[in-house]
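# Analysis of the macromolecular model
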Amino acid sequence: MNISVDLTLSPLQDDYETHVISFIKELRNSKFTVLENPLSTQIFGEYDELMPFLIAQIHKSFEAQNICVLTIKLVKTDRSDYEPNF
């Protein structure tokens, strides 16, 4: 089953940019499709492969921060090729 995951990492500390950039670079270096916009990062792939990868990256990111909020949206389909038709 393919999924789309929308992630917004919000470190609650002064050096937040460093943590956000590091998290996004880890996602980019994966085998998964990654799309970014100014508000969030999306990653797309097969559920059984993507979820363990995300769990590991979230753990790594949380370990490097004092306080952090991570907002996640999961969609049960690969929406990486979405094009508005209006």
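Note: the structure precedes this text.
Throughout this document, residue positions are counted from 1 along each chain, in the order its sequence is written. Local features in this predicted model are restricted to residues of pLDDT 70 or higher, and side-chain atom pairs are both shown and tallied only at a pLDDT of 80 or more, whereas totals for entire chains, interfaces and linings draw on every residue. Side-chain numbers come from the whole structure's heavy atoms, not from hydrogens or water.

Of the regular secondary structure elements, the protein chain holds 2 helices and 4 strands. Helix and strand definitions follow DSSP, with helices as H or I runs of at least four residues and strands as E runs of at least two, each counted in order from the N terminus. Counted from the first residue to the last, the protein chain has its helices and strands arranged as β-α-β-β-α-β. Relative to its length of 86 residues, the protein chain is compact, with a C-alpha radius of gyration of 13 Å against a globular reference of 12 Å. Expressed along its principal axes, the backbone C-alpha trace of the protein chain runs to roughly 40 × 30 × 20 Å. Buried positions account for 36% of the 86 residues belonging to the protein chain. We call two residues contacting when some pair of their heavy atoms lies within 4.5 Å. Once local pairs closer than 6 in sequence are excluded, the contacts in the protein chain between residues at least 24 apart make up 67%. Accessible surface, the protein chain: about 6000 Å² in total, of which carbon and sulfur atoms supply 53%. For a compact globule the rule gives 2.2 Å times the number of residues to the power 0.38, and the radius of gyration it is set against comes from C-alpha atoms. The cut-offs for exposure are 20% and 50% of the maximum accessible area for each residue type, with area from a 1.4 Å probe on protein chains only; residues under the lower value are buried, those over the upper are exposed, and the others partly exposed. Computed with a 1.4 Å probe, the accessible areas rest on the Shrake-Rupley method; for each residue, only the protein chains presented here act as cover.

Before going further, it helps to examine the layout of surface pockets. The method works on a 1 Å grid over the protein atoms by themselves. A cavity is a set of points holding a 1.4 Å probe that cannot get out, a pocket is an open set with protein on both sides within 12 Å along at least five of seven lines, and residues with an atom within 4 Å of a point line them. Grid points are joined across faces, edges and corners, and a volume is the space filled by probe spheres set on the points. When its volume is computed, the largest pocket comes out at roughly 200 Å³. Forming the walls of the largest pocket are Leu 7, Thr 8, Leu 9, Val 20, Phe 23, Ile 24, Glu 36, Asn 37, Pro 38, Leu 39, Ser 40 and Thr 41. Those elements that provide at least two residues to the lining of the largest pocket are strand S1 (2-11) and helix H1 (16-28).

What follows covers the environment of Ser 30. With respect to the helices and strands, Ser 30 occurs in the loop between H1 and strand S2 (33-36). Ser 30 sits in the buried class, given a relative accessible area of 17%. Considered as a pair, Ser 30 and Leu 50 are 20 residues apart in the sequence and their alpha carbons are 9.6 Å apart. Each residue touching Ser 30, except ones within four places of it in the same chain, is listed here: Ile 43 and Phe 53.

Another point: a nonpolar patch on the surface. Residues enter patches when their relative accessible area tops 30% and they take part in no salt bridge; the joining distance is 9 Å for like charges and 5 Å for the nonpolar side chains Val, Leu, Ile, Met, Phe, Trp and Tyr. A pair is scored as a salt bridge if a Lys or Arg side-chain nitrogen falls within 4 Å of a carboxyl oxygen belonging to Asp or Glu. Judged by side-chain polarity, Leu 12, Ile 67 and Val 69 come together as a nonpolar surface patch covering roughly 270 Å² of accessible area. Among the structural elements, Ile 67 can be located in the loop between helix H2 (47-63) and strand S4 (68-75).

A separate point is H2. Spanning 17 residues, H2 covers 24 Å between terminal C-alpha atoms, matching the ideal 24 Å at 1.5 Å per step. Among the residues of H2, Leu 50, Met 51, Phe 53, Leu 54, Gln 57, Ile 58 and Ser 61 are the ones counted as buried. Across the axial projection of H2, the buried residues extend over an arc of 165 degrees, all falling on one side. Away from its buried face by more than 90 degrees, H2 exposes Asp 48, Ile 55, His 59 and Glu 63. Against S1, H1, strand S3 (41-46) and S4 lie the buried residues of H2. Contacts described as polar in this section are N or O atom pairs within 3.5 Å, which, within protein, must combine one atom able to donate a hydrogen with one able to accept it, while residues neighboring in sequence count only if both atoms come from side chains. Among the residues of H2, the N-terminal cap falls to Glu 46, whose side-chain oxygen and the backbone nitrogen of Asp 48 are separated by 3.0 Å. Given a helix with a known number of residues, its expected span is that number minus one, times 1.5 Å. By arc we mean the arc of the directions from the helix axis to the C-beta atoms, nothing more.

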